[in-house]
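Okay, here's what each chain looks like letter by letter:
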Amino acid sequence: MQSDTRLSNLRAGLNGKVIGSDDPAYDDLRRVFFTGFDRRPAAIVRVADAADVAGVVTLARETGAELAVRSGGHSRAGHGTSEGGIVLDLSGMNAVEIDADGRTAWAQTGVTAGGYTRATGEHGLATGLGDTPTVGLGGITLAGGIGFLVRRNGLAIDDLLAAEVVTAAGELLEVDEESHADLFWALRGGGGNFGVATRLRLRLHEIDEVVGGMLLLPASTDVITGLVAAADAAPEELSMIANILKAPPVPFIPAEQHGKPVVIASMVYAGGAEAGEKAIAPIRALATPLVDMVRPIRYPEMFAGPEGPPQAFSAGTNILVDGLPARAAETILEYLETATAALAGIQVRVLGGAMARVPGDATAFGHREAKLMVNIAAMHERAEERPEHETWAANLAKALSAGTTAAAYVGFVGDEGEEGVRRAYPRATLERLAQVKRRYDPDNLFRLNLNVPPEVK
Ligand SMILES: Cc1cc2nc3c(=O)[nH]c(=O)nc-3n(C[C@H](O)[C@H](O)[C@H](O)COP(=O)(O)OP(=O)(O)OC[C@H]3O[C@@H](n4cnc5c(N)ncnc54)[C@H](O)[C@@H]3O)c2cc1C
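Conventions used here
Residues numbered from 1 in each chain as written. Predicted model: local features only at pLDDT ≥ 70, side-chain atom pairs only at ≥ 80, totals over all residues. Heavy atoms only, no water. Near = heavy atom within 4 Å. Polar contact = N/O pair within 3.5 Å; in protein donor to acceptor, adjacent residues only side chain to side chain. Helix = DSSP H or I, 4+ residues; strand = E, 2+ residues; numbered from the N terminus. Nonpolar A, V, L, I, M, F, W, Y, C, P; charged D, E, K, R; others polar. Buried < 20%, exposed > 50% of the residue type's maximum accessible area, 1.4 Å probe, protein only. Axes fitted to C-alpha atoms, helices over the stretch in contact; angles between N-to-C directions. Parallel < 35°, antiparallel > 145°, perpendicular 65-115°, else oblique. Contact = heavy atoms within 4.5 Å. Core = buried A, V, L, I, M, F, W, Y, C linked by side-chain atoms within 4.5 Å. Pairing = 2+ DSSP bridges. Expected span 1.5 Å × (residues − 1).

The next subject is the site of the ligand. By nearness alone, 34 residues border the ligand, and S71, G73, G136, I146 and Y409 come closest of all. Within the side chain of T109, a nitrogen or oxygen atom sits 3.3 Å from a nitrogen atom of the ligand. Here R349 contributes a side-chain N or O atom positioned 2.9 Å from an oxygen atom of the ligand. At the level of secondary structure, the elements contributing two or more residues to the shell around the ligand comprise β3 (67-70), α5 (137-143) and β10 (196-203). Grouping the constituent residues of the shell around the ligand by class yields 13 nonpolar, 18 polar and three charged.

Once that is clear, we can look at the environment of A169. Inspection of the secondary structure assignment puts A169 in the loop between β8 (160-166) and β9 (172-176). On the basis of relative accessibility, which here comes to 54%, the residue A169 falls in the exposed class. A169 sits 67 residues away from G102 along the chain, and the two C-alpha atoms are 33 Å apart.

Put simply, helix α10 (residues 328-338) and helix α12 (residues 386-400) touch, their axes get as near as 10 Å, and they point 170 degrees apart. The pairing of α10 with α12 is recorded here as roughly antiparallel in orientation. Between α10 and α12, the contacting residues are A328, T331, I332, Y335 and T338 on the first element and W392, N395, L396, A399 and L400 on the second. Its residues assigned to classes, the contact of α10 with α12 shows seven nonpolar, three polar and no charged.

On to the nonpolar core, then. Y299 and Y425 are the most contacted members of the largest nonpolar core, which has 66 residues in total. The residues contacting Y425, other than those within four sequence positions of it, are G189, G190, G191, A364, H367, V410, L430, L433, L450 and V452. Core analysis: the second largest hydrophobic core is formed by 49 residues, L238, I332, V350 and A378 among them.

Taken together, the five strands give an open sheet; going across it, the order is β5-β6-β10-β8-β9, and neighbouring strands pair in antiparallel fashion. Edge positions in the sheet fall to β5 (96-99) and β9, since each has one partner strand and no second. When the angles between neighbouring strand axes are averaged without regard to direction, this sheet yields 15 degrees. Note: β8 against β10, six bridges, orientation antiparallel. Within the sheet, the bridge partner assigned to A163 lies in β10 and is L200.

Taken together, the four strands give an open sheet; going across it, the order is β1-β2-β4-β3, and neighbouring strands pair in mixed fashion. Two strands in the sheet have a free side with no partner beyond their single neighbour: β1 (17-19) and β3. Direction aside, the axes of adjacent strands within the sheet are offset by 20 degrees on average. Here β1 runs beside strand β2 (residues 43-46); their pairing, made up of three bridges, is antiparallel. Looking across to β2, one finds that V18 is bridged to V45. Running over the sheet, helix α3 (residues 50-63) touches β2, β3 and β4 (86-89) and is turned about 165 degrees from β4.

Let us now look at the environment of E164. The residue E164 is located in strand β8 in this model. The exposure class of E164 is buried, given its relative accessible area of 12%.

A word on the environment of G92. Mapped onto the fold, G92 is located in the loop between β4 and β5. Since its relative accessible area comes to 43%, G92 is described here as partly exposed. For the pair G92 and A273, spaced 181 residues apart in the sequence, the C-alpha separation amounts to 37 Å.

With 13 residues, helix α8 (residues 221-233) extends 18 Å between its outermost C-alpha atoms, agreeing within 8% with the 18 Å of an ideal straight helix rising 1.5 Å per residue. Among the residues of α8, V223, I224, G226, L227, V228, A230 and A231 are the ones counted as buried.

See the structure below:
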């Protein structure tokens, strides 16, 4: 960034902190979840409140500096950091105010999914937010938010009641169904295109004791096919996330399974212990489980497990489809064999239920009708490897979408440019998003994201 004087001025008026390259905390703070994005921003601003956010946005707008907005830093495309630009780091804004009687929470967007879930869990309440504790509330909610409660309660955005947003003009807006309704619509699935969300008001559900955890099964074609069918046939109280991969050498997996294809199926049944055991029985019956950690637990425990080792890069893509072609399970296992990435995984999530009941045009999340999401990931160490893994993932995605160009979920789209945007949003949604973009960010200040340009081609 050109203007050091402007940065000093910002520093003077800030409640948070500007971290430059001479700061001892710089190296730690410039790191994002995918560690391969080893970028050196001109400054990282750890904002403390909405006024700080407005100051940073204004500085970026006026100086032309590239602006990276970061909540939890999990962007697959490395959008949470910038080479030479400004990182607006929301991680210090992580307060959660809970109105237990009103069943709502106001949460600052820098809180992690795990932090939010622990805070609401103290009241026996929950909002569905994915499956990973370190993901940021800001990023996951604006993308849509598909988690362990998706079939029971819908997407995270279906529980979003209001938001506070700093626009490209540096103005703080309170938005909901009545106020700036166009922006509120766009925020729900449109990602970070329209401003910086500083606080979100979310609906809470009475969810405390659930039947949940992880089931490890051998990954045969019958198990994969049966698992998808069983998850689809299960009551909506059950949502499952199944990862098909070669078993990593981690302590909870028996040593003789390491390197063999397995399914790690994580699930939550939120609706009573007895009914939960019954709902999960057909899944357990698919094969003798290699590990069975599904049990009555408190919901926040789903976000308490150990995180895997840091990954440099994740090539890959995702598809939202109505079903899988006939030989899908065979194809998945064949691709697992030919993968050359250090860690390759195919994640299948059965959708439907409450998510599908929200009308398609009610929010900017465009693909409510999709029955399944398949997320394909190839974790690797070196940037040069990426083309090879992207080709592997793209070919698998094509094979699983019966040769068509499938729809996609914003949250798991990598660096896929315009094609990614077209897959994430149906044409009518995209045109409406562009209209909102023209109104709130006509110069495309917020462009480090799955970018909706002010004018669509
Ligand atoms: C390990 C892993 C597990 C995941 N699991 C799930 C899952 O179960 N369900 C699911 O739905 N998604 C999941 N995701 C996808 C995840 O939701 C997206 O990558 C999301 O964008 C990450 O949010 P973040 O805040 O952590 O990332 P960041 O990199 O901080 O943000 C990503 C982008 O979101 C925007 N953004 C973030 N915060 C704000 C804000 N406050 N205001 C405006 N824009 C903002 C910016 O454009 C930013 O570039 C997962 C991702 C990973 C890496």
